[in-house]
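Now for the letters of each chain:
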Amino acid sequence: MRLASAIGVLALASGANAQIPALSSAVEPLVECRVWGDAASRVLIVDVAWPSGPRPRFPRDDSSVISNRMVARVGADGTALRPIEDDNEWANRCAREGCRLNYSVDVAKGITSDRRGEGGFEEKQGIIMAPLMRWLVRPEDRRARGRLQLDFNGGRNFELVSGGIDGRVNHIDTDLVVMDGPHVVLGDFTHKNLDFLGARIDVAIGKGARGVGDDDIVRWVREGAQDVASLLGRFPISRLQVIVGPGGPYAIGSAVTMGMGGASIFVVVGERTGKADLVRDWVMTHEMLHVAFPSMGVRQRWMEEGLSTYMEPLLRARRGRYEPQRVWAEFVRAMPQGLPKAGDQGLDRTLTWGRRYWGGAMFWLHVDVEIRRRTEGARSLDDVLRAVFSAGGNVASRWDVSRLALVAESATGTTALEDIYAAWSDHAVAPDLAALWASLGVKSDKKSDQVTFDDLAPLAGIRKGLTVRASLPAVAASGFN
Ligand SMILES: [Zn+2]
């Protein structure tokens, strides 16, 4: 058991190194930030030791959330802070000699003035989304290499939590290039840690009204993690931050997974959520699948959402958490939403909700069935996802389709993924779903919204294979706990 875990850690560590630029502090400029926060006034005071080299730039700030901007020279001739407005040359001089920058950030003002969903401040049930790009000075050249270290001090009830690699509360240590990657939030949290198959999952639970206890939430996170680990044999990343928002009128509300610079999931668990809701929930498994799949960029976001949409019910069914009849009833009912509507183009070109989630799910279903058909059941999409994992692919890495196709081909000996992508990405293709259901032996009763199975259908074996627990890589079998 221990050996399996140790191998897992090593594999994950080397996988991570392949994706994230090495943090060699000796040669890279280091931006050091100290931030003081006040929970009552919701004001941050930011103090930055800026290194020589990159030219600093303040975030775009139309609503004057950032104020009292001061700069000081470093070195012998004076350290007094002066207002930045009086000195147009300050950024050049900072780039030449390094400098100290000091300013304040009115978070409360940001929450009321920033537009929702546009990368600004946002309050969700007492937790403040505070993306660094909104309030932290950064290199003008966004590709500039360097390292960011940030320490936050907000007292007992005001903490900073981020999905950054090192995972310490009130601390960020990351490559400057990916500083906007993971969630950064401010709030009052209870912290729980999960050691899971050699990976660490930190769960920051925002304090507030909620229908379930902290232990219920941890159990729920673990089940979602286990769903994905059952597929891969291991957990897809060495460290994951889960941030749970409290309160609110919903049961399990919006969830977002982010990856570059460290993986993080933000999810709201509301007052009305009961234990049974968590047991039945699909959201956590959906998000955990995002953690297991590389970031593909905007045009292929449908691949990410489609994979989570398609695999989530299968994984839960394989672990006995969901009935196969319900998986197929849901596919039959919902998948037509992924078919192209009049005027739609290929999946890379039409970025609507239906095409993204259910069009993507339809793609992966066809890829999976086609791999199984061409290999007479010897290979499946499971093999592709395990190979992606083995090649270091997870939400913290960025892949393109050609790399994915290559890995899929060597894992399955087929070009099923590449073939279907080539056909569906540019042009609106409407596969005959009724024929597919028939060949898989799925018969639906429109009135009752239920399905029955026909085991004599030509692809009935493939249908059964999708919801039975797949055999796992040998190394993983002893690694479960
Ligand atoms: Zn999603």
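Up top is the structure.
Residues numbered from 1 in each chain as written. Predicted model: local features only at pLDDT ≥ 70, side-chain atom pairs only at ≥ 80, totals over all residues.

Looking only at helices and strands, the chain features 16 helices and 20 strands. Expressed as a percentage of its 481 residues, the buried residues of the chain come to 45%. Considering only contacts within the chain whose residues lie at least 6 apart along the sequence, 68% involve residues at least 24 apart. (Helix = DSSP H or I, 4+ residues; strand = E, 2+ residues; numbered from the N terminus. Buried ≥ 20, exposed ≤ 12 C-beta atoms within 10 Å, placed from the backbone. Contact = placed C-beta atoms within 7 Å.)

Before going further, it helps to spend a moment on the environment of Ala199. Looking at the secondary structure, you find Ala199 in strand β15 (residues 199-206). Among the residues examined, Ala199 registers 21 C-beta atoms within 10 Å and is labelled buried.

A few words now on the pairing of β15. Where burial is concerned, most of β15 is hidden: seven out of the eight residues are buried. In the sheet, strand β14 (residues 189-196) pairs with β15 via eight bridges, with the strands oriented antiparallel. In the sheet register, Asp195 faces β15, and the bridge partner there is Arg200. Taking the residues that link successive antiparallel strands as the turn, the β14-β15 hairpin has two residues, and the phi of Leu197 there is positive, at about 50°. By the bridge criterion, six bridges tie β15 to strand β16 (residues 239-245) in an arrangement that is parallel. Among the inter-strand pairings, Arg200 is bridged to a residue of β16, identified as Arg239. Viewed along the sheet, the connection from β15 through helix α5 (residues 214-232) into β16 turns out left-handed. (Pairing = 2+ DSSP bridges. Right-handed = clockwise from strand over helix to strand, strands pointing away.)

In terms of nonpolar packing, the biggest core is built from 122 residues, with Ala130, Val185, Val228, Ile243, Val244 and Ala292 touching the most fellow members. In terms of residue count, the dominant contributor to this core is helix α10 (residues 353-374) (10 residues). Two domains each provide a minimum of three residues to this core, namely domain 1 (2-291) and domain 2 (298-477). (Core = buried A, V, L, I, M, F, W, Y, C linked by C-beta atoms within 7 Å. Domains from an automatic or database assignment.)

Looking at where Glu123 falls in the secondary structure, it is placed in strand β7 (residues 122-124). For Glu123, a count of 18 C-beta atoms within 10 Å corresponds to the partly exposed category. In sequence terms Glu123 and Gly187 are 64 residues apart; their C-alpha atoms lie 9.8 Å from each other. Sequence-distant contacts of Glu123, that is, excluding residues within four places in its chain, are made with Ile111 and Ile128.

Within a sheet, each strand pairs with its neighbour through backbone hydrogen bonds, oriented either parallel or antiparallel. Taken in spatial order, the seven strands line up as β5-β4-β6-β2-β1-β10-β12 in an open sheet, and their pairing is mixed. Of all the strands in the sheet, just β5 (82-83) and β12 (171-175) have a single pairing partner and so form its edges. Across seven bridges, the pairing between strand β1 (residues 30-38) and strand β2 (residues 43-50) is antiparallel. Note that in β2 the partner of Asp38 across the bridge is Val43.

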